[in-house]
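Coordinate analysis (summary)
What follows is each chain in one-letter form.
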Amino acid sequence: MSAPQAAQPYAATGTSMTLLRTPTETLSTLSWAFLASTLHRIRRGEGALLAVNLSLIAAAGTTAARAAAQALVSTLAVVAMYAFNDLYDAPADRNNPKKDRALIAAYMTHRRLALVAALVMKAVTVLVCLASLGPRAAAAVGGVMIVNVLYSAALKGVPVVDVACVWLWGALYAAVTDAPASLLVVVGLMTAVCHLFQALGDRGPDAANGIRTTAVRSPALARDAVIVLSLLLFLGVRDMVGTGVALTAFTPVAIFFTMRTPAGAWIVTKIYFAFIWLYLLGTVGAAG
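Quantities reported herein were computed from a predicted structural model and do not represent experimental measurements. (Residues numbered from 1 in each chain as written. Predicted model: local features only at pLDDT ≥ 70, side-chain atom pairs only at ≥ 80, totals over all residues. Heavy atoms only, no water.)

1. Some remarks on the overall build of the chain
Helix and strand content of the chain: 16 helices and zero strands. Across its three principal axes, the chain shows a C-alpha extent of roughly 60 × 45 × 30 Å. Within the chain, the proportion of its 288 residues that are buried is 48%. Carbon and sulfur atoms provide 68% of the accessible area of the chain, an area that totals close to 13,100 Å². (Helix = DSSP H or I, 4+ residues; strand = E, 2+ residues; numbered from the N terminus. Buried < 20%, exposed > 50% of the residue type's maximum accessible area, 1.4 Å probe, protein only. Areas by Shrake-Rupley, 256 points an atom, 1.4 Å probe, with all protein chains shown as cover.)

Structural data, given as structure tokens:
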């Protein structure tokens with residue numbers, strides 16, 4: 001889907017923000033922006049959380065109606081969260097060359113209306129979840145929506161807390177499914193490790209914008225966090241896959257010390273996580 005024509009003047013000049021003239025055009029722009037926040041991540045290989053939930057749904061072998069409801073809620077939730085995150089970060093992202101200029105323009109032009117729309121979408125997602133999946137799943141969705149807001153608005157710039165917040169984000173999001181708690185912990189840990197490598201790649205723009213992430217605070221602190229998270233991952237999967245396979249949980253540590261760029265480390269780590277995740281889903285103890 002391409003960006004609406006009205007957003008292009010801002011994207012081209014970097015200065016002008018042309019207001020759209022009709023409600024229909026405004027709705028079209030915001031609809032595009034909300035979808036683009038997710039689609040751009042998927043194109044860059046960042047859509048792992050949605051893929052995790054869909055894989056959990058497929059492995060659970062639940063009824064078709066419940067599986068469809070879980071997939072719908074998972075999709076609505078990820079769209080709402082990424083949209084809110086990009087909306088909140090839009091002013092700072094103007095200084096990040098890796099970010100999409102047209103998307104930033106859309107959010108900057110309609111910032112207040114987009115905020116209302118994002119919050120409404122969050123609330124609707126919780127209500128849809130409550131009606132279709134029950135209070136347990138709705139509590140998880142409500143929880144992850146709150147974590148999403150807290151992380152975007154305040155906790156992203158708090159070293160160590162930012163990593164813990166992303167861990168909770170991943171675990172709560174996966175709780176939309178009927179997955180066992182052991183797998184939810186694993187999802188959170190994998191999400192946090194991937195986040196750390198991404199944060200290392202964003203050290204420059206984050207530091208310029210005064211956002212003191214764990215990576216900005218100190219690469220050594222990020223290294224220690226990767227070690228701790230890998231240890232927790234080892235402990236989390238050991239009973240499910242055995243000690244031998246569980247020792248591969250320290251792969252991100254080896255990647256941290258051997259890969260030259262955070263982007264490369266992030267990609268290789270995600271490939272490893274894909275393999276170990278499929279192994280977990282194929283294990284009788286994990287799938288049950």
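2. Concerning the environment of V141
On the secondary structure map, V141 appears in helix α7 (residues 135-153). Residue classification places V141 among the buried positions, given a relative accessible area of 0%. Placed 52 residues apart in sequence, V141 and V193 show a C-alpha to C-alpha distance of 22 Å. Ignoring any residue separated from it by four or fewer positions in sequence, one finds V141 in contact with V73, T125, V126, C129 and V176. (Contact = heavy atoms within 4.5 Å.)

3. A look at the confidence of the model for the chain
The pLDDT averaged across the chain works out to 88; a share of 91% of its residues lies at or above 70. For the stretch residues 1-20, pLDDT sits under 50, and the model shows 34 contacts to residues farther than four places along the chain or on other chains. (pLDDT = per-residue confidence, 0-100.)

4. Observations concerning the environment of M190
Its location among the elements puts M190 in helix α9 (residues 181-201). In this structure the C-alpha to C-alpha distance between M190 and L229, which are 39 residues apart in sequence, comes to 8.3 Å.

5. With respect to the packing of helix α3 (residues 48-60) against helix α15 (residues 262-281)
α15 packs onto α3 with a crossing angle of 15 degrees between their chain directions and a minimal axis gap of 11 Å. Here α3 is positioned roughly parallel relative to α15, judged by the angle of their axes. Of the two elements, α3 crosses α15, and the hand of that crossing is right-handed. Contacts from A48, V52, S55, L56 and A59 in α3 reach K270, W277 and L281 in α15. Along the lines of polarity and charge, the residues of the contact of α3 with α15 split into six nonpolar, one polar and one charged. (Axes fitted to C-alpha atoms, helices over the stretch in contact; angles between N-to-C directions. Parallel < 35°, antiparallel > 145°, perpendicular 65-115°, else oblique. Left-handed = near helix turned anticlockwise from the far one by under 90°. Nonpolar A, V, L, I, M, F, W, Y, C, P; charged D, E, K, R; others polar.)

6. Some words on the pattern of salt bridges
Side chains that differ in sign of charge can pair as their charged atoms come close. This model, assessed by the stated rule, comprises four salt bridges. Taking the shortest distance from any N to any O, the salt bridge between R41 and D86 comes out at 2.9 Å. With R41 in helix α2 (residues 23-43) and D86 in helix α4 (residues 64-93), this pair connects stretches of sequence that are 45 residues apart. D86 shares its class with R41; the two are buried. With its nearest N and O atoms 3.0 Å apart, the salt bridge here joins D178 to R66. (Salt bridge = Lys/Arg side-chain N within 4 Å of Asp/Glu carboxyl O.)

7. Concerning a nonpolar patch on the surface
Taken together, the side chains of M259, I267, V268, I271 and F275 make up a nonpolar region of the molecular surface, amounting to roughly 460 Å² of accessible area. By the element assignment, I271 lies in helix α15. (Patch = residues over 30% accessible without salt bridge, like charges linked within 9 Å, V, L, I, M, F, W, Y side chains within 5 Å.)

8. Notes on the state of the cysteines
The final tally for this structure, using the stated rule, is zero disulfides. With no disulfide of its own, C194 lies 16 Å from the sulfur of C165, the closest cysteine sulfur. (Disulfide = S-S within 2.5 Å.)

9. Some words on the side chain of S152
Note on placement: S152 falls in helix α7. Here N148 takes part through its backbone oxygen, which lies 2.9 Å from a polar atom of the side chain of S152. Here S152 is in contact with F84, N85, Y88 and D89, once residues within four sequence places are set aside. (Polar contact = N/O pair within 3.5 Å; in protein donor to acceptor, adjacent residues only side chain to side chain.)

10. Some points on the packing of aromatic side chains
Scanning the entire structure with this criterion turns up seven aromatic pairs. Here the aromatic rings of F256 and F257 are separated by 5.5 Å at their centres, their planes lie at 80 degrees, and the arrangement is edge-to-face. Ring-pair connections join several aromatic residues into one group, and the members of that group are F197, F256 and F257. Its end group placed over the ring of F84, K122 keeps NZ or CZ at 5.2 Å from the ring centre. (Phe/Tyr/Trp six-rings, centres within 6.5 Å; stacked < 30°, edge-to-face > 60°. Lys NZ or Arg CZ within 6 Å of the ring centre and 35° of its normal.)

11. Section: α7
Taking 1.5 Å of rise per residue, 19 residues should cover 27 Å, and α7 covers 27 Å from first to last C-alpha, within 8% of that figure. On its buried face, α7 sits against α4, α6 (111-133), α8 (161-174) and α9. (Expected span 1.5 Å × (residues − 1).)

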